[in-house]
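# Breakdown of the fold
Listed below are the residues making up each chain.
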Amino acid sequence: MQTIILKNIQNEFIETIKKSNTEMTQSDYTFGIFDNQVLKTELLKIKDIQPHHSGTSRIMKVRMKTGNEISNIRIEQDSQNKNEFWVFWDKYWFGNEDEEIGRFYSNNLK
């Protein structure tokens, strides 16, 4: 059941990013400076990547606005694989903290 819920969240996340009126704004420049379209392209790479007993090392925060809806995304770099990034979306919370909704690989974020 948890897998189905996570897949639905990922699908909603992807559909939100694809909307033409969705705007991404960086809160910081941890991995570089990116415009709206580059951030969208990177985040559209999200998928299920099996955890491998690592943690995260660095965090970049992004604000996502679609119409009147505003949410926050955290992109966290894997501590072992520097090209792997974890995605957290504050629209859905499980318990006391938000949980990872997926991961992606990128050679653009540094």
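Provided above is the structure to which this section pertains.
Residues numbered from 1 in each chain as written. Predicted model: local features only at pLDDT ≥ 70, side-chain atom pairs only at ≥ 80, totals over all residues. Heavy atoms only, no water.

### Considering the side chain of Thr66
Within the fold, Thr66 resides in strand β2 (residues 56-66). Every residue in contact with Thr66, bar those within four places of it in the chain, is listed here: Thr16, Lys19, Asn21 and Thr22. (Helix = DSSP H or I, 4+ residues; strand = E, 2+ residues; numbered from the N terminus. Contact = heavy atoms within 4.5 Å.)

### Considerations on the layout of surface pockets
In this structure, the largest pocket spans a volume of roughly 350 Å³. Along the wall of the largest pocket there are 14 residues; nearest its centre are Gln2, Leu6, Asp48, Glu100 and Ile101. Counting residues per element, the ones that place at least two in the lining of the largest pocket are α1 (2-18) and β5 (100-105). For the lining of the largest pocket, the element with the most residues is α1, which contributes 5 residues. Broken down by class, the residue content of the lining of the largest pocket amounts to 6 nonpolar, 4 polar and 4 charged. (1 Å grid on protein atoms, 1.4 Å probe; cavity = no way out; pocket = protein on both sides within 12 Å on 5 of 7 lines; lining within 4 Å. Points joined across faces, edges and corners; volume = space filled by probe spheres on them. Nonpolar A, V, L, I, M, F, W, Y, C, P; charged D, E, K, R; others polar.)

### Side note on a nonpolar patch on the surface
On the surface, Met1, Ile4 and Ile5 cluster together into a nonpolar patch covering about 340 Å² of accessible area. Position of Ile4 among the secondary structure elements: in helix α1. (Patch = residues over 30% accessible without salt bridge, like charges linked within 9 Å, V, L, I, M, F, W, Y side chains within 5 Å. Areas by Shrake-Rupley, 256 points an atom, 1.4 Å probe, with all protein chains shown as cover. Salt bridge = Lys/Arg side-chain N within 4 Å of Asp/Glu carboxyl O.)

### Overview of the side chain of Lys40
Inspection of the secondary structure assignment puts Lys40 in helix α2 (residues 36-43). Buried charge without a partner: Lys40 forms no salt bridge, and the closest opposite charge is Glu23, 8.5 Å away. Not counting the four nearest positions on each side in its chain, Lys40 is found in contact with Ile17, Lys19, Ser20, Thr22 and Met24. (Buried < 20%, exposed > 50% of the residue type's maximum accessible area, 1.4 Å probe, protein only. Lys, Arg positive; Asp, Glu negative; His and termini not counted.)

### Notes on the pattern of salt bridges
All told, the structure shown has 7 salt bridges when counted by the stated rule. The partner of Glu15 in a salt bridge is Lys18, with the nearest N and O atoms 3.9 Å apart. Here Lys18 and Glu15 lie together in helix α1, a separation of 3 residues that amounts to about one turn. You can call Glu15 partly exposed: its relative accessible area is 45%. Of the residues examined, Lys18 reaches a relative accessible area of 53% and is grouped as exposed. The closest approach of N and O atoms between Glu69 and Lys91, which form a salt bridge, is 3.5 Å. Here the residue Glu69 occupies a position in strand β3 (residues 69-78), and Lys91 occupies one in the loop between β4 (84-89) and β5, the gap between them amounting to 22 residues. Judged by relative accessible area, Glu69 falls into the exposed class, the value being 52%.

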